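Survey of secondary and tertiary structure
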Amino acid sequence: MEKRKEFLVCIDSDGCVMDTMDLKHDKCLAPCMLMVWDLGKYKIELTARWREINLYSLDRGTNRFRGLAKMLKEVNENYKRVEGLAGYVRWVSTAEELSDESLKEAYEETGNECMRKALAWSELVNGSMSFMHGGEVQAFEGVHEVLGEIAKMADIAVVSAGGSAEVQKDWEENGLDSYVEEFLTQEGGEKDVLVEKLLECGYDKDHVLMIGDAPSDLEAAGRNGILFYPILVRYEEESWRKFLQGAWEKFIALNYRGTFQRQVNQEFLNNF
């Protein structure tokens, strides 16, 4: 990543730019968990609970392995024993990087059964996502226009908890990749770490904005002292329209921090 302009906008992908959250969780992440842990008889209850945690709670947008750990704890407590769960949860809590490669290394060191299944689950998820039909993953209406305006004044970096291949594929298929200077994904670490890396390019923190739909996006912005704009769950297209109706001008004019930032943060949290 090279700093080309004075401003930088970091943008999340799934559920923020791409209308993919329901699609990927319903077709890939939840069904693959049911398959790997043989939980088909609890499909209705566990699918509903998966959606509640990963789509409509403050855990929305969390790393896939962290979301899985939370679900497996509930499975272990209420449905059936999950062998090796404690070791897997320990890895999720302590690993510097939550990715397939990191999990593979941990499994090879420990032989933990839950880690083995979690890795198989993640690989199955990746495979199922790769088989989504072209055109099935679409950007929210209005995103093209907004990115076009942003690109006139700011560098754009995608900061996502998703895998690199799937994120870049989604942006390319929607014709949005040409706006992006850099894709930073789960392979590089947590979102706050990715934003920290971008700041090393020399941007002033009042010149950097994070756009996202999940608490992890707000947290990444807060930990790095940059600004945040929310894409509200169930109001995504309206959120993108409103961005150009005031937020963008305030950001470019350096009038975003303070009252306006507190206002949009509260609106974001109230929406969950």
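To keep things clear, this report deals only with the structure shown in the data block. What you see is a predicted model; the values in this text were computed from it and never measured. (Residues numbered from 1 in each chain as written. Predicted model: local features only at pLDDT ≥ 70, side-chain atom pairs only at ≥ 80, totals over all residues. Heavy atoms only, no water.)

**Things to note about the overall build of the chain**
The condition is simple: Put simply, DSSP marks the helices as runs of H or I at least four residues long and the strands as runs of E at least two long, and each gets a number from the N terminus on. All radius of gyration figures rest on C-alpha atoms, and the globule criterion is 2.2 Å times the number of residues raised to 0.38. The buried label applies to any residue whose accessible area, calculated with a 1.4 Å probe on protein chains only, is under 20% of its type's maximum; exposed applies above 50%, and partly exposed to all values in between. Here a residue-residue contact requires only that any non-hydrogen atoms of the pair lie within 4.5 Å. The protein chains shown are the only cover counted for residues, whose accessible areas, like all others here, come from Shrake-Rupley with a 1.4 Å probe.
Secondary structure assignment for the chain yields 12 helices and 5 strands. Taking 2.2 N^0.38 as the reference for a compact globule, 272 residues should give roughly 19 Å; the C-alpha atoms of the chain span a radius of gyration of 19 Å, in line with that estimate. Taking the principal axes of its C-alpha atoms as reference, the chain extends roughly 55 × 35 × 35 Å. Looking at the chain residue by residue over its 272 residues, the buried ones come to 51%. Sequence-distant contacts in the chain: of pairs separated by 6 or more residues, those separated by 24 or more amount to 73%. On the chain, roughly 12500 Å² of surface is accessible, and the fraction owed to carbon and sulfur atoms is 46%.

**Regarding the pattern of salt bridges**
Keep this limit in mind: Definition used for salt bridges: Asp or Glu carboxyl oxygen within 4 Å of a side-chain nitrogen of Lys or Arg.
Counted under the stated rule, the structure contains 21 salt bridges. When the shortest N-O distance is used, the salt bridge between glutamate 181 and arginine 4 registers 2.7 Å. In this pair, glutamate 181 sits in the loop between α8 (164-173) and β3 (182-184) while arginine 4 sits in the segment before β1 (7-11), placing the two residues 177 residues apart along the sequence. By relative accessible area, arginine 4 is classed as exposed at 52%. The salt bridge involving lysine 191 is made with aspartate 217; its shortest N-O contact spans 2.6 Å. Of the two residues, lysine 191 is situated in helix α9 (residues 191-199) and aspartate 217 in helix α10 (residues 215-224); the sequence distance between them amounts to 26 residues. Relative accessible area serves as the criterion here: at 6%, lysine 191 is assigned to the buried category.

**Concerning the sheet that holds β1**
In plain terms, the rule: Strand pairing requires that DSSP identify at least two bridges connecting the strands. Here an axis means a line fitted to C-alpha atoms, over the contact stretch when the element is a helix, while the angle between two N-to-C directions is reported on a 0 to 180 degree scale.
If you trace the 5 strands from one edge of the open sheet to the other, you get β3-β2-β1-β4-β5, paired in parallel fashion. Of all strands in the sheet, those bounded by a partner on one side alone are β3 and β5 (227-230). Within the sheet, the average angular offset between the axes of one strand and its neighbour, ignoring direction, is 25 degrees. Pairing of strand β4 (residues 208-212) with β5 involves 4 bridges; the strand directions are parallel. Across the sheet, the residue bridging to glycine 212 is proline 230, located in β5.

**Let's talk about the nonpolar core**
How we decide: For the purposes of this section, nonpolar cores are sets of buried Ala, Val, Leu, Ile, Met, Phe, Trp, Tyr and Cys residues that join through side-chain atoms within 4.5 Å.
If you look at the biggest cluster of nonpolar residues, it comprises 37 residues, and the most contacted ones within it are Ile150, Trp171, Ile211, Trp240 and Phe243. Looking at which element gives the most residues to this core, the answer is helix α11 (residues 236-252), with 6 residues. Other than its neighbours up to four places away in sequence, phenylalanine 243 contacts Val146, Ile150, Leu209, Ile211, Tyr229, Trp248 and Glu249. Core analysis: the next-biggest nonpolar cluster, separate from the first, contains 34 residues, Leu46, Val82, Leu85 and Ala106 among them.

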